[in-house]
Amino acid sequence: MMEHKAFIFDYQKFEQELLPILQDALATGECSALISFIQQNIESLTDPYEGEPLEDDWEGMIETEDAHQYGDFALTKYYDPTADIGLGSAWESVQEIVPDDRRSSPILGLIVGSDNDPFDPGKMGSYFQSNGQVSESFGFLQQLAQEHSSEEVNEAVELLQRATQAQKGLYVTF
């Protein structure tokens, strides 16, 4: 069973600083700019699994030297890996009632990279929502909650409300 993990995410800074580097690395397979980003920002980065500050020997933690793994470490500049506010397994109940005609899921978001090779360090799905997308998703889920009231939908509304109140985006992964 896939567990929905969501993190309040500084999408605006991510978009300005890391997104172009990550997209380029995903498209080309060349990771030197990502590695440089990590080295230049090491004081602001953490282990994406445990949330501990990165040590100088952080590269030993990389299992596969690709854009996905390096990107996973670089992303921690924009969120706290220990602050998961996701829906766990309840995400599927919410996803089932979301109409198929939506551009993106209000509890997931959009991929980064190409459809053929999206950023996905855990190989189970990774999604992003900008601040504006979070606000739009929040409004949509509030309406959906009026039609389909359930504990799971209410949890999803609360998740998006937290991100909206923080004026941040979301990073969702499984």
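For the structure itself, consult the block above.
Below is a short write-up of the structure. In this text the structure is predicted, and so the values were computed from the model without any measurement. (Residues numbered from 1 in each chain as written. Predicted model: local features only at pLDDT ≥ 70, side-chain atom pairs only at ≥ 80, totals over all residues. Heavy atoms only, no water.)

What follows deals with the packing of helix α2 (residues 19–28) against helix α4 (residues 67–75). At a minimum axis separation of 9 Å, α2 and α4 run at an interaxial angle of 165°. With respect to each other, α2 and α4 are oriented roughly antiparallel. Crossing of α2 over α4 shows left-handed handedness. Residues Leu22, Ala25 and Leu26 of α2 form the contact with α4, whose participating residues are Ala67, His68 and Gly71. Residue classes in the contact of α2 with α4 are distributed as 4 nonpolar, 2 polar and no charged. (Axes fitted to C-alpha atoms, helices over the stretch in contact; angles between N-to-C directions. Helix = DSSP H or I, 4+ residues; strand = E, 2+ residues; numbered from the N terminus. Parallel < 35°, antiparallel > 145°, perpendicular 65-115°, else oblique. Left-handed = near helix turned anticlockwise from the far one by under 90°. Contact = heavy atoms within 4.5 Å. Nonpolar A, V, L, I, M, F, W, Y, C, P; charged D, E, K, R; others polar.)

What follows concerns α4. Among the 9 residues of α4, 9 are classified as buried, and the element is accordingly described as predominantly covered. Of the positions making up α4, those classed as buried are Ala67, His68, Gln69, Tyr70, Gly71, Asp72, Phe73, Ala74 and Leu75. Sitting at the amino-terminal end of α4 is Asp66, which places a side-chain oxygen 3.2 Å from the backbone nitrogen of His68. (Buried < 20%, exposed > 50% of the residue type's maximum accessible area, 1.4 Å probe, protein only. Polar contact = N/O pair within 3.5 Å; in protein donor to acceptor, adjacent residues only side chain to side chain.)

Here Gln69 is to be found in helix α4. In this structure the side chain of Gln69 is engaged in a polar contact, spanning 3.4 Å, whose partner is the backbone oxygen of Pro121.

A word on the pattern of salt bridges. The tally for this structure, following the rule as stated, stands at 3 salt bridges. Notably, a salt bridge pairs Asp10 with Lys168, separated by 3.4 Å at the nearest N-O pair. One end of the pair, Asp10, is in the loop between β1 (5–9) and α1 (11–17); the other, Lys168, is in the loop between α7 (151–166) and β3 (169–173), with 158 residues separating them in the sequence. Overall, Asp10 belongs to the buried group, its relative accessible area being 15%. A relative accessible area of 28% places Lys168 in the partly exposed class. (Salt bridge = Lys/Arg side-chain N within 4 Å of Asp/Glu carboxyl O.)

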